[in-house]
Amino acid sequence: MATAAATSTSETEAEPKAGPTAEGEEDDVKTARTRRKVLSRAVAAATYKAVEPGWDQPEEGVSESDGDEEYAMASSAESSPGEYEWEYDEEEEKNQLEIERLEEQLSINVYDYNCHVDLIRLLRLEGELTKVRMARQKMSEIFPLTEELWLEWLHDEVSMALDGLDREHVYDLFEKAVKDYICPNIWLEYGQYSVGGIGQKGGLEKVRSVFERALSSVGLHMTKGLAIWEAYREFESAIVEAARPIAGFLSPFDWEQTFDSQLEKVHSLFRRQLAIPLYDMEATFAEYEEWSEDPIPESVIQNYNKALQQLESYKPYEEALLQAEAPRLAEYQAYIDFEMKIGDPARVQLIFERALVENCLVPDLWIRYSQYLDRQLKVKDLVLSVHNRAVRNCPWTVALWSRYLLAMERHGVDHRVISVTFEKALSAGFIQATDYVEIWQAYLDYLRRRVDFKQDSSKELEELRSAFTRALEYLKQEVEERFNESGDPSCMIMQNWARIEARLCNNMQKARELWDSIMTKGNAKYANMWLEYYNLERAHGDTQHCRKALHRAVQCTSDYPEHVCEVLLTMERTEGTLEDWDIAVQKTETRLARVNEQRIKAAEKEAALAQQEEEKAEQRKRARAEKKALKKKKKTRGADKRRAEEDDEKEWGDDEEEQPSKRRKVENSTPPAGEAQGLEAETGLFGKSAPVDVDPPSKQKERAAALKRDVPRVPHDSSKDSITVFVSNLPYSMGEPAVTLRPLFEACGEVAEIRPIFSNRGDFRGYCYVEFKEEKSALQALQLDRKTVEGRPMFVSPCVDKSKNPDFKVFRYSTALEKHKLFVSGLPFSCTKEELEEICKAHGTVKDIRLVTNRAGKPKGLAYVEYENESQASQAVLKMDGMTIKDNVIKVAISNPPQRKVPEKPEARKAPGGAMVPRQIYGARGKGRTQLSLLPRALQRPSETAAQAENGPAPQPVVTASAAEAPKMSNADFAKLLLRK
């Protein structure tokens, strides 16, 4: 029967029948067989010893140490820390220097996770057993360890365990290991190792206890729970098989009773497992049918069928996890929502634990999990354990610490333990000044709830007051020195202290002293602060102090003085004497008059600044118009003038400065050779050209239309946007864009067509459309964005019809606060990504570095550095800000880009006075290059008589943009002008 079970298990491991066998969780077949062999031999030996202590079986039995050797053989990780030997003393010396450097680094910053890992690795290679044990112990006190780190540690300790005391030490390590994360492999190792001590007193109960706890922890795991169930069954089955040969040592009655009891344990395990939805349930059911000598009860079959139905409902979520890539947060969130709708607490807890294995650095997930436990389960040990693990994983998140303090208070934890936890929170390294204010406020609230205010004085009250004093000093010294701000500009902590003194301690004198201190910290100009103080005096003070506070408020308030004046007059109207009323009226009128005068001056100053801006804008506009007019004068009108200018460079040399694009237009207008000769012959002595035959405008338009028809148009089908990407910022000099780009995009999938865009002259315009056969290829092609092509970063974006989606923007990067990402400025332009990464990785694990470049691919001296978590990023800011790189002093800060300015929509434009600005001033597309006047020539008045040219006729008057900006005229004004003519 045990052989059948082993065969079934081997088949399951080799070829999973019912879906995903996990996220990489299946043990090797050889290891599984070794484990079963260890279980069977250890159980057999222990059974023989229990029945006949003097009996020994040299060939079949195993000693305790033999069992440990078998366990070590079955382990897949390294078993000896000294298995590596360095060939050269130079490498040993190098490692020793690195160990010293890491130890020094940890003495400065004990929260450097990577330093801990590197130190343990080097100590293990050097064979420093005592030091590596101490290093692991220190790290486990600060951080939860991953499954790999725990297994490595456990294997090393098992290989060094010699006696019962060492075994107890290993047991303690296993207990710590299973508390950090949900780890089925560690539970399996724990069960296997405990089998080696089955011969000790209480060994059998210890093994069963370990397996039962393992089932409670991971037995419901859809993909990994099967291994725990099978290992437990193999253990109990091995006891059954080992009990058969010793039937002669017991009476028939005792043996039959013992044997039946053991068989019932195996039956119970089968029935319990078949009632839980797990993968490969069908194989387990078939194994049970083969193993059991009696028919399977109907109730077991019903539970099995029900579990199969449940399995079908869980499969979509498990398959989504299998197909996704780590950390699979979105898939886990959907799975959690599904489990919470069903409402089974054990399964909800399990899926949270599974999600946290891969997302242990996501504070929101910890908050959601702890909130569920606080509100639903309310089990003290479980709740506090999860809160403790949360702050160990994300110590930089103040919300987790605040919730931890509340949970400890809620479950009646000792005051000293809560105080120690608060001190740990202060040293956790928050990245914002406001975080320290929040944790102090949470702790002060806890201390306030401990005080019995019915007593005039108590130890708790004195502790509360000393905590308030310490909080203010801490914010002023520690926080303000680090962040250049206290994090509490409104002095909320002092306000709360003042309320407690006034309302609960009846100590208005202390409250007034606190409010005086609040006002001296820059809050005297705010009306709401004075009114808060006034309300406190109103409730717990006297009228005299209320009046005094309002008089001071009238003099100091600058944001809403009218409101403060109104409150003062209201109080004097109801409670004051005539003299009080007169004084209040006089003070309020004087103050309001002064305020109005200041506001008028400020408005005049603002208007003057606005006028200056308008004048500057007008000057810029006039300068642009004059520049355009000057360009028109210098523009040539044909090939004859261009040749004349070449002969007389002194007079007509300005055209050499024309842009290439304008020169092309002149070349395109060059007449045929025959006409050119005729024109040359007719050129006068002074460079004047004879009249030339010029085509009428209609023919010119036909010729231009023909040129446009010669250039092939590039049609675009908007229905294929999902399989098309838009590629831009390509070099204009690219000879054959389609040929150049095709190999690049074919790596993403089959390319249907590449459509480059050309100008009317046939020049490549720097962008194109790339159409694929499949949508997934287009999505993959977006990963090529910013890839360098012929020295320029190529932009790849989705193909979107802007007329249907005018607000569509393509920006790959977050514009919100990212606490795990740094913004680095002031970098030298020669700094490469590799050089920056070498500097940054000394402070944590660098996930990505992005150097900011312009459209031409040139660096701008800016970079974004993404770390693995917020803690590493905050440490990097402290260490790197102000660092010198290649004679450049860089600035480093947490990435928090400013809000992007959204361009105003045309319909939202308004003039300063509030009226809508007419759209016709600049046209539908804004201010154009040429602001032509639509005023008839007969109505135009030339400003000045143009000077005659030295070598030709006087130029025609040029209409500038300023002419178009003449005052508006009515129809009657136009009629008068015409009549004058």
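Residues numbered from 1 in each chain as written. Predicted model: local features only at pLDDT ≥ 70, side-chain atom pairs only at ≥ 80, totals over all residues. Heavy atoms only, no water.

Labelled according to an unreviewed UniProt entry, the protein appears under the name Spliceosome associated factor 3, U4/U6 recycling protein, originating from Zalophus californianus.

With that settled, the discussion passes to the overall build of the protein. A tally of helices and strands in the protein yields 38 helices and 11 strands. Going through the 981 residues of the protein one by one, you find that 39% of them count as buried. At a minimum sequence separation of 6, the contacts of the protein that also span at least 24 residues come to 63%. Accessible area for the protein stands at about 57,200 Å²; split by element, carbon and sulfur atoms hold 50% of it. (Helix = DSSP H or I, 4+ residues; strand = E, 2+ residues; numbered from the N terminus. Buried < 20%, exposed > 50% of the residue type's maximum accessible area, 1.4 Å probe, protein only. Contact = heavy atoms within 4.5 Å. Areas by Shrake-Rupley, 256 points an atom, 1.4 Å probe, with all protein chains shown as cover.)

Right, let's get into the pattern of salt bridges. Throughout the structure, instances matching the rule amount to 46 salt bridges. One salt bridge connects Arg-354 with Glu-318, and the closest N-O pair in it is separated by 2.8 Å. Residue Arg-354 is found in helix H16 (residues 345-358), and its partner Glu-318 is found in helix H14 (residues 298-323); the two are separated by 36 residues along the sequence. Glu-318 carries the same exposure label as Arg-354, and that label is buried. Its salt-bridge partner being Arg-410, residue Asp-374 comes within 3.9 Å of it at the nearest N-O pair. Here Arg-410 lies in helix H19 (residues 398-410) and Asp-374 lies in helix H17 (residues 363-377), a separation of 36 residues in the sequence. (Salt bridge = Lys/Arg side-chain N within 4 Å of Asp/Glu carboxyl O.)

The next thing to look at is the sheet that holds strand E6 (residues 818-825). Pairing within the open sheet is antiparallel, and its 4 strands lie in the order E7-E8-E6-E11. Edge positions in the sheet fall to strand E7 (846-853) and strand E11 (891-895), since each of these pairs with one other strand and no more. Strand-to-strand twist across the sheet, computed as the mean angle between neighbouring axes with direction ignored, equals 25°. Taken together, the 5 bridges between E6 and strand E8 (residues 859-867) define a ladder with antiparallel strand orientation. Across the sheet, residue Ser-825 finds its bridge partner in E8, namely Leu-862. Packing of helix H36 (residues 833-840) onto the sheet brings it into contact with E7 and E8, and relative to E7 it is tilted by some 140°. Strands in contact with helix H37 (residues 870-880) are E6, E8 and E11; relative to E6, the strand with the most contacts, it is inclined by about 25°. (Pairing = 2+ DSSP bridges. Axes fitted to C-alpha atoms, helices over the stretch in contact; angles between N-to-C directions.)

Moving on, we come to the packing of helix H15 (residues 329-342) against H16. Look at H15 against H16: their axes get within 9 Å of each other, and the N-to-C directions meet at 170°. The pairing of H15 with H16 is recorded here as roughly antiparallel in orientation. Contacts between H15 and H16 pair Tyr-332, Tyr-335, Ile-336, Glu-339 and Met-340 from the former with Arg-347, Val-348, Ile-351, Phe-352, Arg-354, Ala-355 and Glu-358 from the latter. Class assignment of the residues belonging to the contact of H15 with H16 gives a composition of 8 nonpolar, no polar and 4 charged. (Parallel < 35°, antiparallel > 145°, perpendicular 65-115°, else oblique. Nonpolar A, V, L, I, M, F, W, Y, C, P; charged D, E, K, R; others polar.)

This brings us to the packing of helix H5 (residues 113-126) against helix H6 (residues 129-142). For the pair H5 and H6, interaxial distance at closest approach is 9 Å and the crossing angle is 160°. Classified by the angle their axes make, H5 and H6 are roughly antiparallel. Crossing angle aside, the handedness with which H5 passes H6 is left-handed. On H6, the residues touching Tyr-113, His-116, Val-117, Leu-119, Ile-120, Leu-123 and Arg-124 of H5 are Lys-131, Val-132, Ala-135, Arg-136, Met-139 and Ile-142. (Left-handed = near helix turned anticlockwise from the far one by under 90°.)

Okay, the pairing of E6 next. Here is the key point about a regular strand: its side chains alternate between the two faces of the sheet. When E6 meets E11, the two strands line up antiparallel, connected through 5 bridges. Residue pairing for E11: Ser-825 is matched across the bridge by Lys-891.

Judged by nonpolar contacts, the single largest core of 159 residues is most densely connected at Ile-186, Ile-439 and Trp-440. If one sorts the elements of this core by residue count, helix H21 (residues 433-450) sits on top with 10 residues. Excluding anything up to four places from it in sequence, Ile-439 contacts Val-398, Trp-401, Ser-402, Leu-405, Phe-422, Ala-425, Leu-426 and Phe-430. Membership of the second largest hydrophobic core comes to 19 residues, among which are Val-727, Met-734, Val-751 and Ile-754. (Core = buried A, V, L, I, M, F, W, Y, C linked by side-chain atoms within 4.5 Å.)

With 26 residues, H14 ought to run about 38 Å at 1.5 Å a step, and its terminal C-alpha atoms sit 37 Å apart, in line with that. Turning to H14, its buried residues number three or more, namely Val-300, Tyr-304, Ala-307, Leu-311, Tyr-314, Lys-315, Glu-318 and Leu-321. (Expected span 1.5 Å × (residues − 1).)

Turning next to the state of the cysteines. What is meant by a disulfide is a covalent connection between two cysteines, made through their sulfur atoms. Tallied over the entire structure, the rule returns 0 disulfides. Among the cysteines around Cys-394, which has no disulfide bond, Cys-360 carries the closest sulfur, lying 7.1 Å off. Owing to a relative accessible area of 0%, Cys-394 belongs among the buried residues under this scheme. (Disulfide = S-S within 2.5 Å.)

What follows concerns unusual backbone geometry. Along the chain, Ala-326 connects to Pro-327 via a cis peptide bond; the corresponding omega equals 10°. Notably, Asp-280 is not glycine yet its phi reads approximately 65°, a positive angle. Relative to the assigned elements, Asp-280 resides in the loop between helix H12 (252-274) and helix H13 (281-291). Classification of Asp-280 by relative accessible area gives buried; the value is 6%. One non-glycine residue, Asn-729, adopts positive backbone phi at about 65°. Inspection of the secondary structure puts Asn-729 in the loop between strand E1 (724-728) and helix H34 (737-746). Look at Asn-729 and you get buried, because its relative accessible area is 6%.

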